Amino acid sequence: MIDLRSLREDPDRLRASQRARGEDDSVVDTLLDLDGRRRSALSAFETLRAEQKTVGKSVSRAQGEERAELLARAKDLAAQVKSAEAEAEKLGRELDSALEGVSNLVEEDAPLGGEDDYVVLAEVGEKPSFDFTPRDHLELGELLGAIDVERGAKVSGARFFFMRGAGARLQLGLLNMAMQQAIEAGFIPMITPVLVKPEAMRGTGFHIAHDKEIYRLPEDDLYLVGTSEVPLAAYHGNEILDGATLPLRYAGWSSCFRREAGSYGKDTRGIIRVHQFDKVEMFSYCRPEEAREEHQRLLDWEKEMLAKIEIPYRVIDVATGDLGTSAARKFDCEGWIPSQGRYRELTSTSNCTDFQARRLAIRSRDKDGKPQAVATLNGTLATTRWIVAILENHQQADGSVVVPKALRPYVGLDVLEPVKS
RNA sequence: GGUGGAGUCGCCUAGUGGCCGAGGGCGCACGCCUCGAAAGCGUGUGAAGGGCAACCUUCCGUGGGUUCAAAUCCCACCUCCACCGCCA
């Protein structure tokens, strides 16, 4: 949620941000208008309410005729208060819903433009060259008895799969390695709920009503999370955090659920784009003035993980038009996928500044002891999708796959061998 | 799922319609006392919003309702605890 006070002071900043995102900037005028009307309605209500309280008290002290008179006046006031309050509340609701539709202010130096206007910040590692025709991850996964999409479809439908044997071991090992790295860096490990209330979803910046990605359980008014960012953000909702504990960092392990509506025909093969996968996510609460440095730290931890699986990747600075609702800035790390001859997203780290914290009422005390919304940031440490990159980049001619050194202790295997030929 | 009990300012608690714009204790902060500390004494001590100064309004689990007036009465819901039933 945008801060109304700073909006009043500098409306042009939001206008510019809206334009950078390719979103409507006239919402600024709507907000200013609603805000002004709400404030005057509120002050009208408050004046009436104060009078009503005074009169009400004198009723209890008065006797006889005077009492009857006061009572009549109080009755009249009560009606006025009721309608003044209703008016202020109505405007408040209109303001809130207008506000909920507004995305976070973008960081000034984020690249302008849409999906294709990202800026490549770095390319790391060398792309493998094979003296045989490389297999894609699904072919490898089937050869190794590691991935079973056919039975996934049989049991649950398209975009579902089973991780089995070496595949299951690889995923458990990978995510354990991510958890271990996070713990060593001082993160608090968490296994989170995957079903959350609507306010957790909304507070994190997802639009429950429109978002086609979200699985819903209407009977219980619960929502399956697409990332543990949601429960980790909502975890400290309505709390005032002790400033001395910041930055407060959590590493959440959860399954993630995405409907992938509208992606028909895209990435239909294998496990690149699926309805359910597992992820270890970093989540950080910090002081707003430290958010940009923290963002770099999260990116560094992602790079550290990527280095451990020894695959080539690049880092991109995502353009303003391609940022999520809550993100002010976003860096993605994309791993090289030999079978596709291109990079695919493996991690994503967003600085959400105080946008989520304001929605979720997560604060800490500033220098003067006044509560102030904290900044929240998130970043990927590992996901099921990483297995695609690992299998493809480390494959050998016979279909076996060399397990990256760092991962071996976690997987318990040096090489994954085909179970059939 | 059923029955019963409970939810008050960080914690404990007082409070059964106007004296509650919430009292007390603990904790915390500051001051006095002290060589220093403890004890003792005194003062202060929530959040949100509006003027942005005095001050005003809202918040006693949440949402409705009754009333001139609700922490207090009524209804629904949520959470927690206990017991029962069912169940991985």
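In the block above lies the structure referred to throughout.
Per chain, the residues get numbers from 1 upward, laid out in the order the sequence is written. Labels are handed out in written order, letters beginning with A for the chains and numbers beginning with 1 for the ligands. It should be noted that, the model being predicted, local features are given only for residues of pLDDT at least 70 and side-chain atom pairs only at 80 or more, the latter also being counted only at that level, while totals for whole chains, interfaces and linings use all residues. Neither water nor hydrogens contribute to the side-chain values; these are computed over all heavy atoms in the structure.

Moving on, we come to the packing of aromatic side chains. In this description, an aromatic ring pair is defined by two values, namely the gap between the centres and the angle between the planes. Between rings of Phe, Tyr and Trp, where Trp is taken as its six-membered ring, a pair exists when centres lie within 6.5 Å; planes separated by under 30 degrees are stacked, by over 60 edge-to-face, and by other angles tilted. As enumerated under the stated definition, the model contains 6 aromatic pairs in all. Here Tyr250 and Tyr285 contribute two aromatic rings whose centre-to-centre distance is 6.1 Å and whose plane-to-plane angle is 85°, an arrangement assigned as edge-to-face. Pair noted here: Tyr250 is in strand β9 (residues 248-257) and Tyr285 is in strand β10 (residues 276-286), with a separation of 35 residues, a long-range link. To sort residues, take the accessible area from a 1.4 Å probe on protein chains only and compare it with the maximum for the residue type: under 20% means buried, over 50% means exposed, and anything in between is partly exposed. Of the residues examined, Tyr250 reaches a relative accessible area of 5% and is grouped as buried. The class of Tyr285 is buried, set by a relative accessible area of 0%. In this description a helix means any DSSP run of H or I spanning at least four residues, a strand means any run of E spanning at least two, and both kinds are numbered starting from the N terminus.

On to the sheet that holds strand β12 (residues 329-337), then. Between any two strands, pairing holds if DSSP finds at least two bridges. On the basis of which strands lie adjacent, the open sheet formed by 8 strands has the order β1-β11-β12-β13-β16-β10-β9-β4 and mixed pairing. Edge positions in the sheet fall to β1 (119-124) and β4 (188-191), since each of these pairs with one other strand and no more. Looking at each pair of strands side by side, their axes are set apart by 25° on average, direction ignored. Here, residues are in contact when the closest pair of their heavy atoms is within 4.5 Å. Orientation is described by lines fitted to C-alpha atoms, with helices fitted over the stretch in contact, and by angles between N-to-C directions that extend from 0 to 180 degrees. In the packing of helix α12 (residues 386-393) onto the sheet, contacts are made with β12, β13 (342-351) and β16 (375-383), and the angle to β12 comes to roughly 35°.

Another point: the protein's contact with RNA strand B. Among the 23 residues in the neighbourhood of RNA strand B, the closest are listed as Arg8, Arg39, Arg49, Lys53 and Gly56. Backbone sugar and phosphate groups make up 69% of those atoms of RNA strand B lying within 4 Å of the protein. Interatomic distance of 2.8 Å between a side-chain N/O atom of Arg39 and a phosphate oxygen of RNA strand B. Identification of polar contacts relies on pairs of N or O atoms within 3.5 Å, with a donor-acceptor requirement for protein atoms, meaning one able to donate a hydrogen and the other able to accept it, and with residues adjacent in sequence counted only if both atoms are side-chain atoms. A distance of 2.3 Å separates a phosphate oxygen of RNA strand B from a polar atom in the side chain of Arg49. Secondary-structure elements contributing two or more residues to the surface near RNA strand B are α1 (4-9), α3 (27-61), α4 (64-100) and β14 (362-365). Residue contributions to the surface near RNA strand B peak at 13 residues, all from α3. Residue proximity to a molecule or strand is established when one non-hydrogen atom of the residue lies within 4 Å of it.

What follows covers a positive patch on the surface. A cluster of basic residues, Arg49, Lys53, Lys57 and Arg61, forms a positive patch at the surface. With respect to the element layout, Lys57 can be found in helix α3. Owing to a relative accessible area of 56%, Lys57 belongs among the exposed residues under this scheme. Put simply, a patch holds well-exposed residues, over 30% relative accessible area, that have no salt bridge, with like charges counted together within 9 Å and Val, Leu, Ile, Met, Phe, Trp or Tyr side chains within 5 Å. Computed with the Shrake-Rupley method and a 1.4 Å probe, the accessible areas treat only the protein chains shown as cover for residues. Criterion for a salt bridge: a side-chain nitrogen of Lys or Arg within 4 Å of a carboxyl oxygen of Asp or Glu. Under this rule, positive means Lys or Arg and negative means Asp or Glu; His and the chain ends count for nothing. Charged groups are reduced to one reference atom each: NZ for lysine, CZ for arginine, CG for aspartic acid, CD for glutamic acid.

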